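Residues per chain are reported as follows:
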Amino acid sequence: MAAQSLLSESALGWSIFTFILLIILAFCWVYIRKFQSRQESEVVSTITAICALSIALITSALLPVDIFLVSFMKYPNGTYKEWAANNQTRGQIEDTVLYGYYTLYSFILFCVFLWIPFVYFYYEERDDDNGNKCSQVKNALKYTVGFAIVCVVLLLIGAFVPLEAPPGQNSTQWDKVQYLFEELGSSHGLPALSFSISTLTLIGMLAVITYTAYGMSVLPLNLIKGTRSVVYERLENTEDIDDVEHQIEKLKSKCTDGRPLSSRDRHNLQELEGKLQVLRRRGRHLEIAERNCCTRVGSALRPLKILLGVFFILVALLFNVALFISNLDKALHSAGISSGFIIFGTNLTNPLNELLLALQPVFPLDYILITIITMYFVVTSMAGIRNMGIWFFWIRLYKIRPKKTRPQALLFLCMILLLIVLHTSYMIYSLAPQYVMYGSQKYLVQTPSAGPASGNATSDTTRICDAYAPEDQCTVTRSYLFLHKFWFFSTIYYFGNWAFIGAFLIGLVVSCCRGKKSVIEGEVEADDSDLSDDEYVH
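Residues numbered from 1 in each chain as written. Predicted model: local features only at pLDDT ≥ 70, side-chain atom pairs only at ≥ 80, totals over all residues. Heavy atoms only, no water.

If you tally the helices and strands in the protein chain, you get 17 helices and four strands. The 538 residues of the protein chain split such that 48% are buried. Taking the contacts inside the protein chain whose residues are at least 6 apart along the sequence as the reference set, 79% of them involve residues at least 24 apart. (Helix = DSSP H or I, 4+ residues; strand = E, 2+ residues; numbered from the N terminus. Buried < 20%, exposed > 50% of the residue type's maximum accessible area, 1.4 Å probe, protein only. Contact = heavy atoms within 4.5 Å.)

What follows is the structure in structure tokens.
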């Protein structure tokens, strides 16, 4: 009976994960196909982008499954279910999740250090080698080896960094060597993988501060403000065309008597002709947009977009308030920098953590909410990258535009999302620390019975699992163990959370000051060719 129950409970958790997996694969295919350039699209880059984006989203979906499985080991009254009463059985279930993290994190390392760099440099070398495939592959492998060396170095550092105090000064050299080998073999490679992933998570933290924080403000405000009227934009564009044509005629009139134009006038004429070309292309796109049924449907759904935008901005404010309270709690009640600002339990009321705990009795609302939170981070990150483009410090590398994004830009997009997803787990832990550690688990505490007639009698009281609970009564999620393997990373993440809050507030002010977006935002740029309009005309 217990084995049957174990099978049904595990099957339920992994069935949900499989369903989410299918949704993720469908979404990734649609998303990549929407943004990739029809002229420059290649099968290899498309498959790579879809797989990398799928791995990023699947990894983020594993956190709710992790929380679900540890929570389902217990009844609401705090006792273990029959199939989970054995420590060995609980260990096997958690090992399954751990192997899932191992597999997905290993795939992330493979994508970031081998697969994506190789495909990226392969396409970068395409134009220089005049179609010589062997030379392209050789040069791409040469650059990819550098990334592989960095990966190996990170794994070695993670394997050799001791997590416990080393032997004292009086120990023999053999004791120290023996201790090192015991450290290497005691955790089945977890520190090595965790150190490599944590290093990538630091880069992901920078991407979260840059893109996710901005996306949380720009996405809801764009929904609330909407786009400009296509009719008004066409009228304004027509007036601009007439004005530029008048200026061009005025410049050309200077050479009607055969005199050549000055170098300054020739330069101005060239700029005006380029501007006229862009305006005419813009006019063609506006004409298509006006006839497009999607534009009319979007106008009809305007009230729904406003409500959705208001909901998203409230969620963003809730996240940042919860993050602020969590960081304040760590600043006031943790042991400081040397401990990685880790606290046991929550000392200040965290609204998001309390909401998740309050939803526990109504299955499966808490799991639906934690899944929505995870996906919200990914969606806002995509919105941030979509609106900002891909930057390297102050240099803009690529733009993300519908049907016009180059293969290299899509690969960069997927790599950034992979790094963002790594940091998302820590962000969610910061938002709801107690829930991410233990889910909805409860445990029994024996307390003396009240009343004079009770004598030495005791009664069982149910409490929500926290760090003070007995070790055999509450099971910690595998995600938490990955997040807090090295204290110095936790310290950096703590200060990164403050930077995230600041970036969100700055992005909110910038988004509020900006006007409405064009209905053809991102479709027409000065560096586009006229041939790129063909994919819009048909």
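Still to come is the rest of the account.
A few words on the side chain of S71. Relative to the helices and strands, S71 is located in helix α2 (residues 43-71). For S71, a relative accessible area of 4% puts it in the buried group. Every residue in contact with S71, bar those within four places of it in the chain, is listed here: Y367, Y438, G439, S440 and Q441.

The next point concerns the pattern of salt bridges. This structure, assessed with the given rule, holds two salt bridges. Residue R282 pairs with E233 through a salt bridge whose shortest N-O separation is 2.7 Å. Of the two residues, R282 sits in helix α8 (residues 263-291) while E233 sits in helix α7 (residues 230-252), which places them 49 residues apart along the sequence. Put simply, E245 and R280 hold a salt bridge, and the shortest N to O gap is 2.9 Å. In this pair, E245 sits in helix α7 while R280 sits in helix α8, placing the two residues 35 residues apart along the sequence. The class of E245 is partly exposed, set by a relative accessible area of 26%. (Salt bridge = Lys/Arg side-chain N within 4 Å of Asp/Glu carboxyl O.)

Considering the arrangement of structural elements, one finds R33 in helix α1 (residues 2-35). Take R33: its relative accessible area is 32%, and that puts it in the partly exposed class. Placed 16 residues apart in sequence, R33 and A49 show a C-alpha to C-alpha distance of 10.0 Å.

Here L154 lies in helix α4 (residues 133-160). Considered as a pair, L154 and I197 are 43 residues apart in the sequence and their alpha carbons are 9.0 Å apart. Beyond its immediate sequence surroundings of up to four residues, L154 is in contact with F113, A192, F195, S196 and T199.

So, about the nonpolar core. Judged by nonpolar contacts, the single largest core of 124 residues is most densely connected at L53, F319, I385 and L418. Beyond its immediate chain neighbours, meaning those up to four positions away, F319 contacts M216, L352, I373, Y376, F377 and L431. One finds I241, I248, L261 and L279 within the second-largest nonpolar core, a separate group that totals nine residues. (Core = buried A, V, L, I, M, F, W, Y, C linked by side-chain atoms within 4.5 Å.)

Relative to the helices and strands, N350 resides in the loop between α10 (302-333) and α11 (351-358). By relative accessible area, which is 3% here, N350 ends up buried. Polar contacts involving the side chain of N350 include one to the main-chain carbonyl oxygen of A322, which spans 3.4 Å. At 3.0 Å, the side chain of N350 forms a polar contact with the backbone oxygen of L431. Setting aside its immediate chain neighbours within four residues, N350 contacts A322, I325, S326, S430, L431 and P433. (Polar contact = N/O pair within 3.5 Å; in protein donor to acceptor, adjacent residues only side chain to side chain.)

Okay, the confidence of the model for the protein chain next. Scored by pLDDT, the protein chain has a mean of 77; 82% of the residues are at 70 or more. The model gives residues 164-169 a pLDDT under 50, and that stretch makes eight contacts with residues more than four places away or in other chains. Within the model, pLDDT remains below 50 along residues 529-538, and this stretch shows 23 contacts once partners closer than five positions in the same chain are excluded. (pLDDT = per-residue confidence, 0-100.)

This paragraph deals with a negative patch on the surface. Side chains of E239, D240, D242 and D243 sit close together on the surface and give a patch of like negative charge. On the basis of relative accessibility, which here comes to 45%, the residue D242 falls in the partly exposed class. (Patch = residues over 30% accessible without salt bridge, like charges linked within 9 Å, V, L, I, M, F, W, Y side chains within 5 Å. Areas by Shrake-Rupley, 256 points an atom, 1.4 Å probe, with all protein chains shown as cover. Lys, Arg positive; Asp, Glu negative; His and termini not counted. Charge placed at Lys NZ, Arg CZ, Asp CG, Glu CD.)

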